[in-house]
Structure formats: structure tokens, C-alpha cells
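Spelled out from the first residue to the last, the chains are:
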Amino acid sequence: MSAIGLNLGDHGSTCDQHLTDVSAHIRGITRRLKAGWHRGDRLLCLDWTLLRLFPPLRATWALKGRQAVVPVTGRNAKRVLFGAIDLQSARRVVLICSHAGQADAQAFLRALRRRYRGAGWLWLLTDRASAHTAPQTQATRLRIRFVWLPRQTPELSAMDQLWRDLKRLIAANRQAASIDALAANAAAWVLTLTPQQARRKAGMASKHFWLRKLLQNFWRPT
């Protein structure tokens, strides 16, 4: 029993330290935004997700006593969706790519700047995936600043929350006619949500959303 107690205590200490580190990181993000923000700037959350033609099985129906059958082609092509959501307006931008490499990330940054042609700096909250950290030089030319989220905190990414719902509703349990059809349907699902739906599904409407106070009380309407 003493060994079990020690292991649990060690695990609890690790979790406590992680929460402490995340809280400190969040305070640092808030300070950076307050210090560098100018009228006309925009804050977005950026993330990418992988879609495969072979569908993950989340839930399905079958007659009692019979094995459920999900028809598949045997092919497992993939597409990558880069996406961003504006944390003030809930506006979304999505780009379908074949890979998640540096060139694809750069293409998305250019597409993002075209959609925000008249804005000031674009502040992008995202994780430190290599596709995000590589195109730093181009980001500066495009007047884009990356703000890194704490490691292992997908719950802080509004775009990650949208991807989770998308995969549950669009990409699970049945195979699409083609990978391009699946990617097109997925992008359309994200883009056709109303702002209210997008905020709710991304967790931005929650009273516990970690940037709620900053969004409500610090920035002036632009």
C-alpha cells in the first residue's frame, strides 16, 4: 500500500507542476498580447488536422448478435486541413493541402493574410508543430506573429476543438466517395457554421474560456 501511495503522490506532483507551468505560460501570453496589441490587430487560433479516407469507428448500429460491417475500399489516402478561427468575430479560414510541410504552412499564411488584407498584425495562437515553427521569416513579412500555446494543452486551442467535432460528425463511421470529397465536405462544415455555432463548438462561448476576460474587457472594438 505504501508503494501505491508513493506512486500516486508522485503522479499528483507531476500534474500539479504541469498546471502551474500552464498557468504561468497563460499569464505570459496575456502580458505579451497586452503589451504588443494595437488597434486593427487580429487574434486567431491556428491548427491543422489530418483526414484519412479510412474512417475511424466511433459508433454504429448492427442487428443483435451480428458483427457490424462498415464498407471500405481498402485505400487510405489523406489530406491535411489548415484552419484558423478569429477569437473576436469567429470568422474561419480553411485551406486543404496534401501535406503538412513548410510549403503548405506558408501557403496557408499567405491565404490568411489575403483574407485579412486590411488588418494590422495577425496574432496566431498555435502549438509548436514543425509546420508552424518553420515559416517564421515569411510570417514577419506578412505581419504575422506566432504566440505559442503551452505544450500538451489541446483544450486551449479553439481550432482543435472544432476539429474534434468535425471528425466526429463528418469523418467517422463511414467512408466518403473519395478523399477529395471528404476534405471538401470537412472544409464546408467548418466554414458554414454560424458564428454562434462556431463559438460554442470551439469552446469560446464557455464562461471558463481562458481568454474570455481579455476578449471582453481589454480590446476595444475594431
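Residues numbered from 1 in each chain as written. Predicted model: local features only at pLDDT ≥ 70, side-chain atom pairs only at ≥ 80, totals over all residues. Heavy atoms only, no water.

Caption draft 1: Spotlight on the overall build of the chain. On a plain count of helices and strands, the chain comes out with eight helices and five strands. Starting at the N terminus and walking to the C terminus, you meet the elements of the chain as α-β-β-β-α-β-α-α-β-α-α-α-α. Carbon and sulfur atoms provide 53% of the accessible area of the chain, an area that totals close to 12,800 Å². (Helix = DSSP H or I, 4+ residues; strand = E, 2+ residues; numbered from the N terminus. Areas by Shrake-Rupley, 256 points an atom, 1.4 Å probe, with all protein chains shown as cover.)

Caption draft 2: Quick look at the pairing of strand E3 (residues 92-97). The sheet contact formed by strand E2 (residues 78-86) and E3 spans six bridges and is antiparallel. Note on E3: the bridge partner recorded for leucine 81 is isoleucine 96. The hairpin turn running from E2 into E3, its antiparallel successor, is five residues long, and alanine 90 in that turn takes a positive phi close to 70°. (Pairing = 2+ DSSP bridges.)

Caption draft 3: Representation of the side chain of threonine 126 within the structure. Relative to the assigned elements, threonine 126 resides in strand E4 (residues 122-126). The class for threonine 126 is buried, based on a relative accessible area of 0%. Polar contacts involving the side chain of threonine 126 include one to the main-chain carbonyl oxygen of leucine 46, which spans 3.0 Å. (Buried < 20%, exposed > 50% of the residue type's maximum accessible area, 1.4 Å probe, protein only. Polar contact = N/O pair within 3.5 Å; in protein donor to acceptor, adjacent residues only side chain to side chain.)

Caption draft 4: Region of interest: the confidence of the model for the chain. Scored by pLDDT, the chain comes out at a mean of 84, with 79% of its residues at no less than 70. The secondary-structure element of the chain with the lowest mean pLDDT is helix H3 (residues 130-133), recorded at 65, while E3 shows the highest, at 98. Counted against residues more than four places away or in other chains, residues 1-9, with its pLDDT under 50, gives zero contacts. (pLDDT = per-residue confidence, 0-100. Contact = heavy atoms within 4.5 Å.)

Caption draft 5: Spotlight on the sheet that holds strand E1 (residues 42-52). Reading across from one edge, E3-E2-E1-E4-E5 is the order of the five strands in this open sheet, with mixed pairing throughout. A single partner strand is all that each edge strand has here, and the edge strands are E3 and strand E5 (144-148). The average angle at which neighbouring strand axes cross in this sheet is 25°, direction not considered. The pairing of E1 with E2 spans nine bridges and is antiparallel. Each residue of the ladder has a partner; that of tryptophan 48, found in E2, is phenylalanine 82. Where helix H5 (residues 158-169) meets the sheet, its contacts fall on E1, E2 and E3, and the angle it forms with E1 comes to roughly 30°. Docked against the sheet, helix H6 (residues 179-192) engages E1, E2 and E3, running at close to 170° with respect to E3. (Axes fitted to C-alpha atoms, helices over the stretch in contact; angles between N-to-C directions.)

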